[in-house]
Every structure is written in structure tokens, then in C-alpha cells.
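Residues per chain are reported as follows:
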Amino acid sequence: MIPGRFDYYRPSSAQEAVALLAKLGDEARPLAGGHSLIPVMKTRLAAPEHLIDLGGIADLRGIKVEGDTVVIGAMTTQHDLLTSKLIAEHLPIIPETSALIADPQIRYLGTLGGNVANGDPGNDMPALMMCLDATFTVLGAGGERTIKAREFYLGTYYTALETGEIVTSIRIKAMSKATGYAYEKLKRKVGDYATAAAAVVLTVSGGTCTSASIGLTNVAETPLLAEDAAAALIGSSLDKAAIDKAVAAAEAITNPAHDARGTPQYRTKMAGVMLRRAIARAMTRAHG
Amino acid sequence: MAKTHVTMTINGQEVEALVEPRTLLIHFLREQMLLTGPHIGCETSHCGACTVDMNDMSVKSCTVFAVQANGANITTIEGMAAADGTLSALQEGFRMMHGLQCGYCTPGMITRAHRLLIENPDPTEDEIRMGIAGNICRCTGYQNIVKAIQYAAATINGVPFHEAAE
Ligand SMILES: Cc1cc2nc3c(=O)[nH]c(=O)nc-3n(C[C@H](O)[C@H](O)[C@H](O)COP(=O)(O)OP(=O)(O)OC[C@H]3O[C@@H](n4cnc5c(N)ncnc54)[C@H](O)[C@@H]3O)c2cc1C
Ligand code: FES
Ligand code: FES
């Protein structure tokens, strides 16, 4: 399995990368960790003529805290996320999710930026980013702009990124220590994409749920923000009736493909099961 | 589509070569560097037979372009034993615990376990199993591979290992 021919560029700044992308046009693609792009190049589903390797751009990698916001460079790897003290402290749902992505080798190279920009509904980070209300900073030859994760996913492999733009960083508000959270993923084996998965963050005060946010992975053409499901939890005591209502609301918005992981009906039900488990685990972690 | 000049340190030796950008690292290592220790199992990023150590990471060399490894420090299974041929603790563990049958997965398993033990010199059985979850073995059922890695960890930590291979 040998990819088609391409020219290789390794710029050392993001500005240089977007200038190259602008100059080379539609046939140019950024290369991050390569663990979604190289497989599709091997099967020739993708045959870009120019690859712009972002791996030489030191500024795109790293994690820092600015006020109440965690800023993660696009080239930060899953392995970086799993081993970062800052992420463990401020956004512990991220390493919980990273650990369920692919396998150790792939996590050394696969990046957060590549995972969110790829546009594959099977990727785990996009639903989590929607759940956490992340903002992507995007750079193009014309300058910088920001796009909310919740407005980024338009279809399968179709995102709000314009040709020639790259994601440079991901900004997420730090979670308070009192926030309950969980990412639950059903997969057939290590290294498999989700049959269905659910991300939940919620807060509780005096026994009442005061905020909730829910993302669903791989059960529609895009990752889903389950707003009605979250609304069913807010104001409730997270009793069985409220959770049943949330699960029904989440199942109602799924539209999974029929694939080797199961029928649409099965995968919808599994989305409900993952959500139920994630809520239960988030509840045990919420203080207040 | 010009060839690109790359330099790398492979098993402690500086090498330079011209590569086509589309050349995968596994093909570069096997066909240009004649290092046939890293194997091609699936060629689809699943089996881990092609695992090599690159800049202190275990990577599947079928899913890395050789040009991405320009300037990298690479260790393959050929670089695991000492210069005089003395086996590493892991190689010895695989020998003593029967950690292989056909041997196809072994270079990838040992190379992956090498990095695992550097990062976590005293892993639990669960950590070993999750640590080698990107490597598939069709023969052993993993039981003796886990023991081989436990044997190596014990050797590295200077403690006796009493379990027998299954
Ligand atoms: C066997 C296997 C199992 C896997 N299992 C999972 C899984 O369970 N869950 C999961 O989420 N993923 C999984 N993956 C995919 C993996 O996580 C990829 O690493 C990830 O999807 C893409 O990130 P990357 O850094 O490798 O990007 P690349 O493969 O380099 O790029 C992916 C796409 O995004 C574009 N791109 C990359 N970076 C940027 C950027 N900064 N700005 C704009 N565009 C960019 C590229 O042009 C390309 O189109 C698996 C992969 C394999 C091979
Ligand atoms: S040959 Fe590379 S993972 Fe199987
Ligand atoms: S020993 Fe045969 S594949 Fe592992």
C-alpha cells in the first residue's frame, strides 16, 4: 500500500504554512500526526499533490492556562494530553477520552488538532469539544478567526474550515473542581472507533442539577450536541425520570450508519446506554 | 516530485539517504537500510509488527513517512542487543518465558515494550496489557508475552522473577 506521489514541505511557522497552503491551492493538505490522513492516502481515497507537515512548527504544540481558559496547541498529541499535569488538573475529561482513542503508538503521534479538524464522525474529540463548548482558533492567509466547536461540524468530512485554513489552537474553559464528568465509549476492541459514545459534564447544587452538557460520538453524520437531553437534566434531582427523559431525547437525535458495528437501531440504543452510564459516573464525581 | 535528502540516527549510526516523500518509514528501513527486523503485518496501522522507536516514542512505521523522520533518532529491534550480542532484558524475557511462537509480532512487541518499560519500569499486568494493546499476536494468546515483559521488568528492577511460562 503505497500512497500517490506528493511534494513535501516542512514549514517552521504557522504563517509560513498558511502561505504555502494559499499558494498551492486545493491540492495541498496539512499533515499533522498522519494517523487519519496517511491511511486514506495509502488506499488512494486521498491523493494530495502537496503535503504541508505541521510537525516542525514548535508554536503549535503545548498546553498553557490563560486566566480561566486552557489553550491547547493544535499539534499537541494525545500522549501529551494523557501525561499533562495541567490537563489532569483543569480538564480531566480530556485524558479520560484520549485513553480510549486508538492505541499507544497512535496516541504518540495523533494530535488534538488533527482529531478535531478531520471531520470524521468516528473521532472522539469533536463531541467532547462540543460538550465543553471549545473554541478553535483558525489561521488562513487572510488572517485569524475563531470558530466555536458547536458550529464547526457541518457534515461528514465537511467542517467550517475554509480551504487553506488551519486550526492553530483549541481554547476551553477550565472545569471547576465541583464539576462531574465522564466519557463513556462502547467499542469492539482497543483501537476501534465508537459504536456509540457519550460525553457528559454537569454541576449539582443542593441536590439539584444546575448545568449539564452532553456530546455524542459516531451516531450521526456529525458529532452531536444533545441540547434537549441536557435540558432534561437541568433543574432535576438527576432522578430516574429525568435521566430516562434525557436518554430518550438523546436517542431521538441520532441517525447512525449501518456498519460492522451494528444496525442503526442498535447503535441508537447504545448511545442511550453510554449516556446513562456517563451521567451515573458524572454524578458520583460532582460535588455540591 | 524531487527526492528529499534525509539524515537519521538509526541504532546509534548516522545515516543519510535520498527518499521519495511518499516512502513509508517501514519501506525505507527494510528496503533502503536493509533492516528487516521491523515487519509488515497489516500495513494499515493496526497490528504493530512495524513498531520502531522514534524520538522516544513507539510508532507504527507503516504510518509515518520517512521524510517525517528526518533528523530523528530511531531504534529498531536490531538495536536492542548490546554490541557484543548480549540480549537485552526484554529479549531474554521473551526467550525465557516463551514469549513467541512464529515470531512475526516479536520485533514490534519488544520494541514497544522497550518504551513501555522506560516510561513505567514497574507496570502492573493491566498496564502491560494496555501498553501493548497496539500490537497483535496471532499465536501466543499474549499470556507469555505479558510474562516476558514482567520478567524483563523484574530483571531491570533487580528482583527475582519466579513465575514459569505457560
Ligand atoms: C487504527 C486506528 C484507530 C483509530 N482509532 C481512533 C479512535 O478510536 N478515536 C479517534 O478519535 N481517532 C482514532 N483514530 C484516528 C487518530 O486519532 C488520528 O490521529 C486523528 O483522527 C487525526 O489526527 P492526526 O494528528 O493524526 O491528523 P492527520 O491524519 O495528519 O490529519 C487528519 C486530517 O486533518 C487535517 N488536519 C490535521 N491537522 C490540521 C490542522 N491543525 N488544521 C487543519 N487541518 C488539519 C489533515 O489535512 C487531514 O485532512 C484511529 C486511527 C487509527 C489508524
Ligand atoms: S504493519 Fe504497521 S501496524 Fe501493521
Ligand atoms: S508469535 Fe506469532 S504472531 Fe506473535
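Located above this text is the structure these notes cover.
Residues numbered from 1 in each chain as written. Chains lettered and ligands numbered in written order. Predicted model: local features only at pLDDT ≥ 70, side-chain atom pairs only at ≥ 80, totals over all residues. Heavy atoms only, no water.

Examining the overall build of chain B
Note the cut-off: Starting at the N terminus, helices and strands are each numbered in turn, a helix being any DSSP run of H or I of at least four residues and a strand any DSSP run of E of at least two. C-alpha atoms define the radius of gyration in this analysis, and the globule rule sets the expected value at 2.2 Å times the number of residues to the power 0.38. Only heavy atoms enter the contact rule, under which two residues are in contact if any of them lie within 4.5 Å. The Shrake-Rupley method, run with a 1.4 Å probe sphere, supplies the accessible areas, and residue values consider only the shown protein chains as cover. A residue counts as positive if it is Lys or Arg and as negative if it is Asp or Glu; His and the chain ends are not included. By convention, the point assigned to a charge is CZ for Arg, NZ for Lys, CD for Glu and CG for Asp.
Across its full length, chain B carries 5 helices and 5 strands. Going from the N terminus to the C terminus, chain B shows its helices and strands as β-β-α-β-β-β-α-α-α-α. Taking 166 residues into account, the globule formula puts the C-alpha radius of gyration at 15 Å, and chain B, at 16 Å, falls close to it. Counting only C-alpha atoms, chain B reaches 55 × 30 × 25 Å along its principal axes. Long-range contacts, defined as pairs at least 24 residues apart, comprise 54% of the intrachain contacts of chain B with a sequence gap of at least 6. Carbon and sulfur atoms provide 50% of the accessible area of chain B, an area that totals close to 7,400 Å². Charge separation in chain B, taken as the distance between the mean sites of 10 positive and 17 negative side-chain charges, equals 7 Å.

Some words on the overall build of chain A
Where we set the bar: Burial classification: accessible surface area is computed with a 1.4 Å probe over protein chains only, and a residue below 20% of its type maximum counts as buried, one above 50% as exposed, and the rest as partly exposed.
Tallying secondary structure elements over chain A gives 11 helices and 14 strands in all. Viewed in the frame of its principal axes, chain A has a C-alpha envelope of about 60 × 45 × 30 Å. A buried classification covers 57% of the 288 residues belonging to chain A. Once local pairs closer than 6 in sequence are excluded, the contacts in chain A between residues at least 24 apart make up 61%. When the accessible area of chain A is evaluated, it comes to approximately 11,600 Å², of which 52% is carbon and sulfur surface.

Considerations on the interface of chain A and chain B
Using the following cut-off: Using a 1.4 Å probe, buried area is obtained as the accessible area two parts lose upon being combined, added over both of them. Salt bridge criterion: a side-chain nitrogen from Lys or Arg within 4 Å of a carboxyl oxygen from Asp or Glu.
Across the boundary between the two partners, chain A contributes 28 residues, which contact 33 residues of chain B. Both sides together, the interface formed by chain A and chain B hides about 2,600 Å², and carbon and sulfur atoms give 62% of it. Per-residue buried area on chain A facing chain B is highest for Arg5, Gln105 and Tyr108 of chain A; these three make up 26% of the total on that side. Lysine 60 of chain B is the partner of aspartate 103 of chain A in a salt bridge, and the nearest nitrogen-oxygen pair spans 2.5 Å.

So, the pairing of strand β6 (residues 135–140) of chain A
Residue and element names in this part refer to chain A. Selection rule: When DSSP locates at least two bridges between a pair of strands, those strands are taken to pair.
With 6 of 6 residues buried, β6 is to be regarded as a mostly interior element. Of the two faces of β6, the one lined by Thr135, Thr137 and Leu139 and the one lined by Phe136, Val138 and Gly140 are each fully buried. As paired elements, β6 and strand β7 (residues 143–148) share 6 bridges and run antiparallel to each other. Opposite valine 138, over in β7, you have arginine 145 as the bridge partner.

Considerations on the side chain of threonine 111 of chain B
Its place among the elements puts threonine 111 of chain B in helix α3 (residues 106–119). On the basis of relative accessible area, threonine 111 of chain B is assigned to the buried category, the value being 0%.

Examining the packing of aromatic side chains
The test is simple: Classification of ring pairs uses Phe, Tyr and Trp, with its six-membered ring standing for Trp, and accepts pairs whose centres are within 6.5 Å; under 30 degrees between planes counts as stacked, over 60 as edge-to-face, and the remaining range as tilted.
Evaluated as defined, the whole model comprises 4 aromatic pairs over all chains. Ring geometry for tyrosine 151 of chain B and phenylalanine 161 of chain B: centres 5.9 Å apart, planes at 75°, overall edge-to-face. In this pair, tyrosine 151 of chain B is assigned in helix α5 (residues 143–157) and phenylalanine 161 of chain B in the segment after α5, connecting sequence segments 10 residues apart. Take tyrosine 151 of chain B: its relative accessible area is 17%, and that puts it in the buried class. Clustering of aromatic rings is evident, with ring pairs tying together Phe136, Phe152 and Tyr153 of chain A.

Thoughts on the site of ligand 1
Threshold: A molecule or strand has a residue near it when one of that residue's heavy atoms lies within 4 Å. Any pair of nitrogen or oxygen atoms within 3.5 Å is treated as a polar contact; in protein, a donor-acceptor pairing is required on top of that, and neighbouring residues in sequence qualify only through side-chain atoms on both sides. For this classification, the nonpolar set comprises Ala, Val, Leu, Ile, Met, Phe, Trp, Tyr, Cys and Pro, the charged set comprises Asp, Glu, Lys and Arg, and every other residue, Gly included, is treated as polar.
Residues in close proximity to ligand 1 total 31 residues, the closest being Pro30, Ser36, Leu37, Thr111 and Asp124 of chain A. Of the chains in the model, those with residues near ligand 1 are chains A and B. For ligand 1, an oxygen atom lies 2.6 Å from a polar atom in the side chain of threonine 111 of chain A. Asparagine 123 of chain A is positioned such that a nitrogen or oxygen atom in its side chain is 2.9 Å from an oxygen atom of ligand 1. Isolated, ligand 1 exposes 960 Å² of accessible area, and the fraction of that covered by the protein chains is 96%. Those elements giving two or more residues to the shell around ligand 1 turn out to be β2 (28–31), α7 (112–117) and β10 (166–173) of chain A. Looking at the shell around ligand 1 residue by residue, the class counts come to 14 nonpolar, 13 polar and 4 charged.

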